[in-house]
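For reference, the chains in residue letters:
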Amino acid sequence: MTRVLVAGGGIAGLTLAYWLDRYGIEAVVVERAAGIRREGYAIDFFGTGFDVAERMGIADALKAKQVPVDRLVYVDETGKTIAVLAIDRMRAMLGGKYAALMHHALEQTLFESVERNVEVRFGQSISAIAEMPNGIDVDFEDGHHDRFDLVVGADGLHSALRETVLGLERNVLRPLGYAVATYRVPNRYDLGRTWAMLTAPGRIIGVYTSDDPASLFAFFFYRTTDSAHVPRAERLACLQHEFSNIGWIAGDLLRDGPPGEGIFMDAVAQIRMPSWSRGRIAFVGDACGCPTLVSGQGASLAMGGAYLLAHHLHESADYRTAFERYESFFRPNVEAQQRSAVRFTRQFAPNTWFGVALQRLLLRVLFRDPFIGLMRGMFDGRSALASSLGS
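Residues numbered from 1 in each chain as written. Predicted model: local features only at pLDDT ≥ 70, side-chain atom pairs only at ≥ 80, totals over all residues. Heavy atoms only, no water.

Engineer: Kindly report on helix α11 (residues 319–348), identifying the contributing residues and their values.
Structural biologist: With 30 residues, α11 should cover 44 Å at 1.5 Å per step; its first-to-last C-alpha distance of 40 Å lies within 8% of that length. At F330, α11 shows its strongest bend, of approximately 40°, with the proline P332 following within four residues. Buried within α11 are the following residues: Y319, A322, F323, Y326, E327, F330, R331, V334, Q338, A341, T345 and F348. N-capping of α11 is provided by D318, with a side-chain oxygen placed 3.0 Å from the backbone N of R320. (Helix = DSSP H or I, 4+ residues; strand = E, 2+ residues; numbered from the N terminus. Expected span 1.5 Å × (residues − 1). Bend = angle between axes of the 7 residues up to and from the residue. Buried < 20%, exposed > 50% of the residue type's maximum accessible area, 1.4 Å probe, protein only. Polar contact = N/O pair within 3.5 Å; in protein donor to acceptor, adjacent residues only side chain to side chain.)

In structure tokens, the structure reads:
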């Protein structure tokens, strides 16, 4: 039996482990974190990922874990409503195959789908890796040594395995010129079941309901020329510098900000790799083709790529053929989403007041009933798997 080490216990890694197990391929997952991470942000889950979730039989479980949000609201600096989109309209446009989820809710559901059949080693990471003629020798940070037939990097945008195998991250990281941050705040803003957002030149601040009735999530998106990692202790001060004068409830959200340990922050960046595999090592999800959160398709593509990789490992005569088929089919889909994300980022956070005013005008039009059909192109719910693979 082929034995595969999956580096990363997030969305891509757990989905891959599920399908490898389904195909009779032994999978071992190692995850640096001590358990499912609770930090992160809400995601719109639809398209390819929803297709995979249905094939896994977890779509209903995900729907039951949705964030309690009924509408998306854009406001101005005084808090006055500019435009409103009912989430049910978005769900209807996608044929009901849509869920608003916390990132960790999806990870938890995926973990529950594999925990009985797949070995998942939390608090574990790779320290060294050496490819041999008949396998890969792996050393772990706890001193443990093991051998596998294949290794798959599913450890995200800042993949440690990719760094070990390919070298400097800057060779494949493509910053888009923005950063994102989010953290929990007390639920005392009287927003109801709403995701509310304010756009200013080069900046967006938002707040939305969470999976905990006692808390909300504050969301920050801003233009920056510095893609360097911001130390956790400095993150709140960084956000206060960027957003203190934006208006609305920004001041209150910033005062409610937790110490740096409670703030998720990262550059908005893509991964562009010349190849998704090297020898017996392949990559999946954000580790090889991150489209950014702006695409709304990161989790969906991670699940789709993991499904396809497992499928081709099962169907192909050898791992080289499997890796080639997986990449040749799925890479065009990923690159199309990456191009779309680059274009959409400029519209999502316009850099001038003229751009902001134009965005507000367009939102007023697009969110009205006679024009709602124009939004379908922005929310393409088609699965990338439907054209070539059966269920």
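Let's pick the thread back up.
Engineer: Requested: an account of the sheet that holds strand β4 (residues 71–75), with residues and values cited.
Structural biologist: Overall, mixed pairing links the seven strands, which are arranged β5-β4-β13-β14-β15-β12-β16 in an open sheet. Two strands bound the open sheet, and with one partner strand each, they are β5 (81–86) and β16 (264–271). Within the sheet, the average angular offset between the axes of one strand and its neighbour, ignoring direction, is 20°. Sheet analysis places β4 next to β5, joined by five bridges and oriented antiparallel. Counterpart to L72 in the pairing with β5 is L85. Along the sheet, α11 contacts β4, β12 (173–186), β13 (194–200), β14 (203–209), β15 (215–223) and β16; its crossing angle with β16, the most-contacted strand, is approximately 130°. Across the sheet, helix α12 (residues 353–366) is in contact with β4, β5 and β13; its angle to β13 comes to roughly 145°. (Pairing = 2+ DSSP bridges. Axes fitted to C-alpha atoms, helices over the stretch in contact; angles between N-to-C directions. Contact = heavy atoms within 4.5 Å.)

Engineer: Can you lay out the packing of helix α1 (residues 11–22) against helix α2 (residues 48–56) for me, pointing to particular residues and giving the numbers?
Structural biologist: Two numbers describe how α1 lies on α2: the axes approach to 12 Å, and their chain directions differ by 40°. When the interaxial angle is binned, α1 and α2 end up oblique. Of the two elements, α1 crosses α2, and the hand of that crossing is left-handed. Of the residues in α2, those in contact with T15, Y18, W19 and R22 of α1 are V52, R55 and M56. In terms of residue class, the contact of α1 with α2 is built from four nonpolar, one polar and two charged. (Parallel < 35°, antiparallel > 145°, perpendicular 65-115°, else oblique. Left-handed = near helix turned anticlockwise from the far one by under 90°. Nonpolar A, V, L, I, M, F, W, Y, C, P; charged D, E, K, R; others polar.)

Engineer: Quick one: what's the story with the packing of aromatic side chains, residue by residue and with numbers?
Structural biologist: Each pair of aromatic rings is reported with the distance of its centres and the angle of its planes. What the rule picks out here adds up to 19 aromatic pairs. Considering the side-chain rings of W195 and Y208, the 4.1 Å spacing of their centres and the 15° angle between planes classify their relative orientation as stacked. Taken together, the positions of W195 in strand β13 and Y208 in strand β14 put the pair 13 residues apart, joining distant regions of the chain. Judged by its relative accessible area of 21%, W195 falls in the partly exposed class. Here the basic side chain of R121 rests over the ring of F140, its NZ or CZ set 5.5 Å away from the ring centre. (Phe/Tyr/Trp six-rings, centres within 6.5 Å; stacked < 30°, edge-to-face > 60°. Lys NZ or Arg CZ within 6 Å of the ring centre and 35° of its normal.)

Take it as geometry only, folks, not as evidence of what the structure does.
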